[in-house]
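Understanding the architecture of this molecule
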Amino acid sequence: MKTRLLFLSLFLAVIAFGFAVDDEPVKKILTQLDKYRAEYPQEKVHIHLDKPYYAIGDNIWFKAYVVNAEKNQLSNLSKILYVELINEKDSVKQSVMLDVKAGLAWGDFTLTDSLREGNYRIRAYTTWMRNFGNEYYFDKTISIGNSVSNNIYTDANYTFSKIGANNHKVVADIKYTYLDGIPVSKKEVTYDVQLNFRSVAKGKGTTDSIGNFKITFNNNQPFILKSGKILTIIKLEESMVSKIIPIKATSNDVDVKFFPESGDLVAGLRSKVAFKAVGADGLSIPISGFISDNSAAKVSEFETEHAGMGSFALFPEAGKVYTAHVKFEDGSEKTYPLPRVLPQGYVLSVNNLGPDKLIVKVQASQSVVSDSEVTLVAQSNGNTIYISKSKFDSRTLLAEVPKTRFPTGIIQFTLFSQQNEPLAERLIFMNHSDNLNLTLKSDKVVYSKREKVKINIDVKDHTGKPAVGSFSLAVTDESKTPYDENKETTILSNLLLTSDLKGYIEQPNYYFSGINDAKIKHLDNLMLTQGWRRFTWRNILANNFPNLSFQPESTVQISGSVRTITEKPVVGGKVTLLSSEGEVFMMDTLTDKSGRFNFPNLYFNDSTKFVIQARNAKGKKNVVIELDRTSPQLVTRSKNEAEIDVNINKTLDVYLKNSRNQFDNLVKNGLRNRSIMLAEVKIVEKKKLAKNSSNLNGAGNADNIITSEQLRSCLSLTQCLQGMVSGLVIQNGIAYLTRSMYSSFSGLVPMQLIIDGMYVDANFLDNINPIDVDAIEVLKSGGNTAIYGIRGGGGVLIITTKRGERNLNYSRYASGIASYNPKGYYKTRQFYSPNYANPKEQPEVKDLRTTIYWNPNIITDSLGKASVEFYNADGTGSYRAIIEGLNADGKLGRYIYKYTVE
């Protein structure tokens, strides 16, 4: 078989200098890719957390890096970032909106005692990223334990068996223990097994003498109901404790898939075939075995190398059918079919294991060789790196390409036909080890408790030159927060790898820590089994680009339109924006010829609420306000479900015991309020009247309260209020108290009308639809009206409109007025770091902190240097400092430093 070199190579370096490409198909490829890159610039987000797991009562400290996907440089596109804490029910429990400056932001979450222990997610995205799907978002699973109100630990193990073809039997063995390890014996347990939120089994029983409890259930819909949870309640002497135990799988089935190197097995063309074995819980399974053809001849052998992946060589023959005979660790065996062999086609292979050069080989079937011409394109994040065009005069084309032509990161090689049809594809990962070289060095190697530590930071690029960059540093007590570096989501593994690949990546940082030849090969297996997700060539070349429903957010704005009740735009109408709560705002504007208005460049915190009032050009209020609103981002199932921890208590045992000791110590010294919500106690609370009231005395503190139930058959408020409240009368549509009508001092003084915090005219009462009213608070006595000063002289009517839990941010309840509670900027809190040089820092209180120091805003100077100072806690052992960040050129860096405290 003859081979020849692909000499017709056009590189990006040539194209960038204005070299004219005359070939029309190549022109189209370049033009379309350039168009995509220019019109649809991609963003990535990385979140650096201070530690890998938490407990109720902790703070989650984080720094966000928003970069452009093209070069990993800090993004100037989006100025607003959304970061969410999501629970196991895919419900957003906390959310912050951060002001992104030069691609950087930082924030925190407080884990209040209203949260349950469990597996949570940190999700982060910009509005612009919503155009391309939530698979591009930063999404990380974290474990949160409860050491305060949690008195019971659980340890669950599952075993599986099959009953018939589609019925799986699951046995859950759960061990209940107290915090000190003593078994919870002879206690009643009730349980509810739920799969995909559907109850499939319920029952009750009793733990045995060593705290064990067994639950057995069947799943006769294994293809639909794949995961879920077990809700258990164990009855103790004085309380009942609720525990939720995740179900990650209902079978021990293993999915084994085979991936020919460039997509297909082609008869007569030798190929590399990768494979991946994954259990029903989403985690990898080690396997081994051999490949046979339909004559039972053994043609190849295979064995997993890392994370259920491996590869083998195969020479497929026409008419042959190939089968994989797989052997599992327990000795069981199963067969799986390989992809069918195509009679003709192309195979693209890339050897990335050499030190200096890529070896690119294109093989073609004899039937497609004659006068066929192919184009090979390599791109990275939308940048064309390599183009090569050649005509076959033999069945194999070969090229050696210097690795220096490619940047660090994922490279996508695609082979095109003369008609620009994609024929084959191959991903590789290029690592030039050109990341930032970070070093940390402390002034001592061994410290004492509460001793002052100074760490010097030195950053250089891969050439040894000082690097100016932005970094975040977390120092933790390693003896209380042990972690697995391979499983971490680091700035390297996220921005260079997982953010560009489809599906779940197990142990992503394994490929970036302690790099050796074996890990390079393992990473190449990953490239063979995972798919590129940024775009597909067929869509690009067919002008099938994403629909842009969202624009990049640079500032917060409140906009909308004003129209008449007959749907005509109100031109030249006055619109006033007032804050009813939080920061003080008052501004106005006029509507344009389309009836639209806009309040741009607003900056307010997340506790600010607004009232918007509109009038037409003649000052009349009979208009309707429509606000522009962006629909909230839906929460979809996490792609990282394989990371769910079934036994959080067991995993976090050391951390939770320290957290409990820390809490007890603070309570003992009167430094923490011990008003903790007990999960095992059911409290029935009467619903508060006027829940969202703006009453300055506090919701419900009024002389009379009229509820929505009392207004159910009401046609107008003036009609219903007449005679409903003693001492309140209505005249000409205005509410008065009888005391002011007959006062010889002040004359006729109407009651002050307040709607959702907005002070409105007294004659506005009948503009409100009674159906929209949640409650009316009537303030008559001097004790209740005094807080309103002169405005409350005639009494006060506080009207709270209905605001459903899912739509609290906007309410249009009457003509010409609307309330609006938009998301405001979160004001990040300062990390507390004690100063033990100050004797007032209460030395008698034990310092059991796990996060010793957190600094999200470290900027190195022109010499690439910076330094930080802080004090150790009372914990002894190894302390771990992790720094992450990047410079202006998009070069990334991460470094781990340890020192000892005795």
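A few points on the structure. (Residues numbered from 1 in each chain as written. Predicted model: local features only at pLDDT ≥ 70, side-chain atom pairs only at ≥ 80, totals over all residues. Heavy atoms only, no water.)

What to know about the overall build of the chain
- The helix and strand inventory of the chain stands at 11 helices and 56 strands.
- With the C-alpha coordinates aligned to their principal axes, the bounding extent of the chain is approximately 115 × 75 × 65 Å.
- For the chain, with 902 residues in total, the buried portion stands at 51%.
- Expressed as a percentage of contacts within the chain between residues at least 6 apart in sequence, the contacts between residues at least 24 apart total 69%. (Helix = DSSP H or I, 4+ residues; strand = E, 2+ residues; numbered from the N terminus. Buried < 20%, exposed > 50% of the residue type's maximum accessible area, 1.4 Å probe, protein only. Contact = heavy atoms within 4.5 Å.)

Some points on the sheet that holds strand β56 (residues 892-901)
- With mixed pairing, 5 strands are arranged side by side in an open sheet as β35-β56-β55-β37-β53. Here the strands that pair on one side only, and so sit at the sheet edges, are β35 (446-447) and β53 (851-859).
- The pairing of strand β37 (residues 469-477) with β53 spans 6 bridges and is classified as antiparallel. Residue pairing for β53: A474 is matched across the bridge by W854. (Pairing = 2+ DSSP bridges.)

Some words on unusual backbone geometry
- Of note, F197 is a non-glycine position whose phi angle comes to about 65 degrees, a positive value.
- Relative to the helices and strands, F197 is located in the loop between β13 (188-195) and β14 (198-206).
- You can call F197 exposed: its relative accessible area is 58%.
- Even without a glycine there, the phi angle at Q507 is positive, about 50 degrees.

Description of the side chain of S659
- Residue position: S659 is located in helix α8 (residues 653-668).
- Residue S659 is classed as buried on the basis of its relative accessible area, which comes to 7%.
- Contacts of S659, omitting those with residues within four sequence positions, involve A55 and S147.

Some points on the pairing of β13
- Counting buried residues along β13, 6 of its 8 residues qualify, which places the element largely inside the surrounding structure.
- Of the strand pairs in this sheet, β13 and β14 are connected by 8 bridges, and their pairing is antiparallel. Following the sheet pairing, L195 is matched in β14 by R198.
- Hairpin geometry of β13 and β14 is characterised by an intervening segment of 2 residues between the two adjacent antiparallel strands and by a positive phi of about 50 degrees at N196.
- Pairing between β13 and strand β16 (residues 228-235): 7 bridges, direction antiparallel. Bridge pairing links V189 to I234 in β16.

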